[in-house]
Amino acid sequence: VHVVDDGAAAVEIARQRNFDVILMDMQMPVMSGLEATRAIRAENSKSGRHVRIIALTANAYDSDREACLAAGMNDFLSKPVALDALQEALAKHDRRMG
């Protein structure tokens, strides 16, 4: 597990490491979760990798979900995140399960 303080740091560590999943907060300093996801997806298109990105946000409107998915995220969880919802999202996006 790696924790970073802002979106730019998330992009940088995603360049350096091959994660199975990234839990991306939407409200971060320097670069938002949407911007960070777009940057990671741009890197993924160059490298051929595709890390799964799950949005974590207090904004639970359908428009927020749509914005996250449009930015390239694989899933969306609203805060506070329930453990069973997190486990379900992780299982759904587990590489070993397809």
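This one's a predicted model, so the numbers in the text were calculated from it and none came from an experiment.

**Some thoughts on the side chain of Thr 57**
Note that Thr 57 resides in strand 2 (residues 52-57). Looking at Thr 57, its side chain comes within polar contact range of the main-chain nitrogen of Asn 59, at 3.0 Å. Those residues in contact with Thr 57 that lie beyond four places of it in its chain are Met 26, Phe 76, Leu 77, Ser 78 and Lys 79.

**Some thoughts on the sheet that holds strand 1 (residues 21-25)**
Strand order in the open sheet formed by three strands is 1-2-3, and the pairing between neighbours is parallel. For this open sheet the edge positions go to strand 1 and strand 3 (75-78), each flanked by a neighbour on one side alone. Direction aside, the axes of adjacent strands within the sheet are offset by 25° on average. As paired strands, strand 1 and strand 2 are joined by five bridges and run parallel to one another. Pairing of Val 21 across the sheet is with Arg 52, part of strand 2.

**A few points about the pairing of strand 2**
The buried count for strand 2 comes to six of six residues, which makes it a mostly enclosed element. The alternating pattern of strand 2 places Arg 52, Ile 54 and Leu 56 and Ile 53, Ala 55 and Thr 57 on opposite faces, both of which are buried. One crossover worth recording links strand 1 to the parallel strand 2 by way of helix 2 (residues 33-47), and it is right-handed. The pairing of strand 2 with strand 3 spans four bridges and is parallel. Bridge pairing in strand 3 links Leu 56 to Leu 77. Taken together, strand 2, helix 3 (residues 62-71) and strand 3 form a β-α-β motif whose crossover is right-handed.

**Here we look at the nonpolar core**
The biggest cluster of nonpolar side chains holds 17 residues, and the ones touching the most others in it are Ile 22, Met 24, Ile 40, Ile 53 and Met 73. Of all the elements in the fold, those that place two or more residues in this core are helix 1 (7-16), strand 1, helix 2 and strand 2. The element best represented in this core is helix 1, accounting for four residues. Setting aside chain neighbours within four positions, we find Ile 40 in contact with Ala 10, Val 11, Ala 14, Ile 22, Met 24, Val 51 and Ile 53.

**Points about the environment of Val 4**
If you trace the backbone, Val 4 turns up in the segment before helix 1. Separated by 24 residues in the primary sequence, Val 4 and Met 28 have C-alpha atoms spaced 9.9 Å apart. Those residues within four positions of Val 4 in sequence are excluded, and the remaining contacts are Ala 9, Ala 10 and Ile 13.

**Points about the pattern of salt bridges**
Counting across every chain of the model gives five salt bridges. Salt-bridge contacts for Lys 46 lead to Glu 43; the nearest nitrogen and oxygen are separated by 3.9 Å. A residue pair is termed a helical-turn pair when its members lie 3 or 4 positions apart in one helix, as Lys 46 and Glu 43 do in helix 2 at three residues. Here the salt bridges share partners, and the residues they tie into one network are Glu 12, Arg 15, Glu 43 and Lys 46.

Criteria and cut-off values
Residues numbered from 1 in each chain as written. Predicted model: local features only at pLDDT ≥ 70, side-chain atom pairs only at ≥ 80, totals over all residues. Heavy atoms only, no water. Helix = DSSP H or I, 4+ residues; strand = E, 2+ residues; numbered from the N terminus. Polar contact = N/O pair within 3.5 Å; in protein donor to acceptor, adjacent residues only side chain to side chain. Contact = heavy atoms within 4.5 Å. Pairing = 2+ DSSP bridges. Axes fitted to C-alpha atoms, helices over the stretch in contact; angles between N-to-C directions. Buried < 20%, exposed > 50% of the residue type's maximum accessible area, 1.4 Å probe, protein only. Right-handed = clockwise from strand over helix to strand, strands pointing away. Core = buried A, V, L, I, M, F, W, Y, C linked by side-chain atoms within 4.5 Å. Salt bridge = Lys/Arg side-chain N within 4 Å of Asp/Glu carboxyl O.

The analysis is restricted to geometry; functional conclusions fall outside its scope.
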